[in-house]
Amino acid sequence: MRVIAHRVFAGVAPENTVAAARNAVSVDADVVEFDVVATADGTPVVFHDTRLDDAGKSRGLTDASGLVCETDTTTVTSATVLDSGQTVPTLAEFVSAVPARVELNVELKNPGCHDLFPGPLKREHRQTRREVWAPFVDRVLDVLAGVDNAVLFSSFYEGSLAAVRDCQPSARVAPLAQDLPTARQMAHHLDADAIHPSLSGLRDADVTWDSNRACNVWTVGDWQDAATARRLGADGIIADYPGLLDWPADTRTSQ
């Protein structure tokens, strides 16, 4: 079973930062997973939330304020993450900190707009949604063209992964979804390489696996979650902490 460092092991380092990337590499993560969004000028930066502050559903991850997509790149990349001294990195800065032996899982989070549609798309909407994502995806692919790492693109938005495939037909993609049927439907539309359903969605599902697609589950927060993912037959865990597979699945406490 593979270990994918969720937001670069956000449980032990300031999420989505260069320091977190170096830490994840030091503890032998198989894959580093991180979020990519656009600043006001379209520059891809590694960040999760819609806003730099705690307004709306954002968590107040930095000492700056405003919507990322409406803020200039210099301001975004000068913002300090979680009082750590680490700042928001550009995608180029982030990937330069990850050795080629470590796979990159790039979650396409927001291309710089508000009218995003998660989940499977009806046929008549697919071209429009691809066009929304295409300029941002082009910038992301331009940055990644300079790396030797294996790359997997994931997203809750089918349009983003379709845009990736339009630009780079051989790119590996993995739809993200809360539930297994939604992940599978998107995977069918995209002929995806993997699916990324939530662990809670797997618990509620009649789990049968697609032999030609890996299944990596999110978000695994502790060793019990990891044991559950293993029992359900997942191929990988998207985890906040390293070492969650070290506790043997068949260990029992004797009295």
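As shown above, the structure is provided for reference.
Presented here is an overview of the structure given in this document. Bear in mind that the values here come from a model prediction, so they are computed numbers and not experimental data.

**With respect to the layout of surface pockets**
If you add up the space inside the largest pocket, you get close to 370 Å³. Per-class residue counts for the lining of the largest pocket are five nonpolar, five polar and three charged.

**A few points about the nonpolar core**
In this structure, Phe 34, Leu 104, Val 106, Leu 108 and Phe 153 are the most contacted members of the largest nonpolar core, which totals 60 residues. Here this core gets six residues from one element, more than from any other, and that element is helix 4 (residues 123–144). What Val 106 contacts, discounting residues up to four positions off in sequence, is Phe 34, Val 36, Val 140, Leu 144, Val 151, Leu 152, Phe 153 and Ser 154. Val 37, Phe 47, Ala 64 and Ala 79 belong to the second-largest nonpolar core, a separate cluster that totals 11 residues.

**Side note on the side chain of Thr 17**
By the element assignment, Thr 17 lies in the loop between strand 1 (2–5) and helix 1 (18–26). Every residue in contact with Thr 17, bar those within four places of it in the chain, is listed here: Val 81, Gln 86, Thr 87, Pro 89 and Phe 94.

**Remarks on empty space enclosed by the protein**
For the coordinates displayed, the defined rule picks out two cavities of 30 Å³ or more. The calculated volume of the largest cavity comes to roughly 50 Å³. Looking at the largest cavity, the residues that line it are Val 37, Ala 38, Asp 49, Thr 50, Val 68, Cys 69 and Asn 110. Computed from the structure, the second largest cavity encloses a volume of approximately 40 Å³. Along its surface, the second largest cavity is lined by Glu 15, Asn 16, Thr 17, Val 46, Phe 47, His 48, Leu 61, Val 81, Val 88 and Pro 89.

**Describing the pairing of strand 2 (residues 31–38)**
Here strand 2 lies mainly inside the structure; eight of its eight residues are buried. The alternating pattern of strand 2 places Val 31, Glu 33, Asp 35 and Val 37 and Val 32, Phe 34, Val 36 and Ala 38 on opposite faces, both of which are buried. Summarising the sheet, strand 1 and strand 2 pair through two bridges and their orientation is parallel. By the bridge assignment for strand 2, Ile 4 is matched with Val 31. With seven bridges connecting them, strand 2 and strand 4 (residues 103–110) associate as parallel partners. Bridging across to strand 4, Asp 35 finds its partner in Glu 107. Pairing analysis gives three bridges linking strand 2 to strand 3 (residues 44–46), with the strands arranged antiparallel.

**Topic: unusual backbone geometry**
For Asn 16, which is not glycine, the phi torsion reads 60° and is therefore positive. Within the chain, Leu 82 stands out as a residue other than glycine whose phi angle is a positive 50°. Tracing the sequence through the fold places Leu 82 in the loop between helix 2 (73–78) and helix 3 (91–95).

**Here's the deal with the packing of aromatic side chains**
Scanning the model with the defined rule gives three aromatic pairs in all. Judged by centre distance (4.4 Å) and plane angle (45°), the rings of Phe 34 and Phe 94 are tilted. With Phe 34 in strand 2 and Phe 94 in helix 3, this residue pair connects regions lying 60 residues apart in the sequence. A residue is classified by how much of its surface remains accessible, and Phe 34, at 0% relative accessible area, is buried. With a relative accessible area of 0%, Phe 94 lands in the buried category. For the pair Phe 156 and Trp 218, a centre-to-centre distance of 5.8 Å together with 85° between the ring planes defines the contact as edge-to-face. Of this pair, Phe 156 sits in the loop between strand 5 (151–155) and helix 5 (158–167) while Trp 218 sits in strand 8 (residues 214–220), and the two are 62 residues apart along the sequence. Among the residues examined, Phe 156 registers a relative accessible area of 23% and is labelled partly exposed.

**A word on the environment of Gly 201**
For Gly 201, the position within the fold is in helix 7 (residues 199–203). Given a relative accessible area of 10%, Gly 201 falls into the buried group. The sequence separation of Gly 201 and Pro 181 amounts to 20 residues, and the corresponding C-alpha distance is 9.1 Å. The residues touching Gly 201, leaving out its near neighbours within four places in the chain, are Gln 178 and Asp 179.

**Some words on the side chain of Asp 49**
Tracing the backbone through its elements, the reader meets Asp 49 in the loop between strand 3 and helix 2. Within polar-contact distance, the side chain of Asp 49 engages the side chain of His 48 at 2.6 Å. Polar contacts involving the side chain of Asp 49 include one to the main-chain amide nitrogen of Arg 59, which spans 2.8 Å. Every residue in contact with Asp 49, bar those within four places of it in the chain, is listed here: Ser 58, Arg 59, Leu 61 and Val 68.

Rules used throughout
Numbering of residues starts from 1 in every chain and runs along the sequence as written. The predicted nature of this model means local features are confined to residues of pLDDT at least 70 and side-chain atom pairs, given and counted, to a pLDDT of 80 or more, with totals for whole chains, interfaces and linings taken over all residues. Excluded from the side-chain calculations are hydrogens and water; all other atoms, namely the structure's heavy atoms, are used. Method remark: on a 1 Å grid restricted to protein atoms, a set of points is classed as a cavity if a 1.4 Å probe fits but cannot get out and as a pocket if it is open with protein on both sides within 12 Å along at least five of seven lines; lining residues have an atom within 4 Å of a point. Grid points are joined across faces, edges and corners, and a volume is the space filled by probe spheres set on the points. In this classification, the charged set is Asp, Glu, Lys and Arg, the nonpolar set is Ala, Val, Leu, Ile, Met, Phe, Trp, Tyr, Cys and Pro, and all remaining amino acids, among them Gly, are polar. Put simply, buried Ala, Val, Leu, Ile, Met, Phe, Trp, Tyr and Cys residues joined by side-chain atoms within 4.5 Å make one nonpolar core. Throughout this description, buried means an accessible area under 20% of the type-specific maximum (1.4 Å probe, protein chains only), exposed means over 50%, and partly exposed covers the range between. Each helix is a run of DSSP H or I of at least 4 residues and each strand a run of E of at least 2, with the numbering of both proceeding from the N terminus. By definition, residues are in contact when any of their heavy atoms lie within 4.5 Å. Here the rule is simple: two strands pair whenever DSSP picks up at least two bridges between them. For this analysis, a ring pair means two rings from Phe, Tyr or Trp (six-membered ring only for Trp) whose centres lie within 6.5 Å, classed as stacked if their planes differ by under 30 degrees, edge-to-face if by over 60, and tilted for the remaining angles. For this analysis, a polar contact is any N or O atom pair within 3.5 Å, provided that within protein one partner can donate a hydrogen and the other can accept it, and provided that sequence-adjacent residues contribute only side-chain to side-chain pairs.

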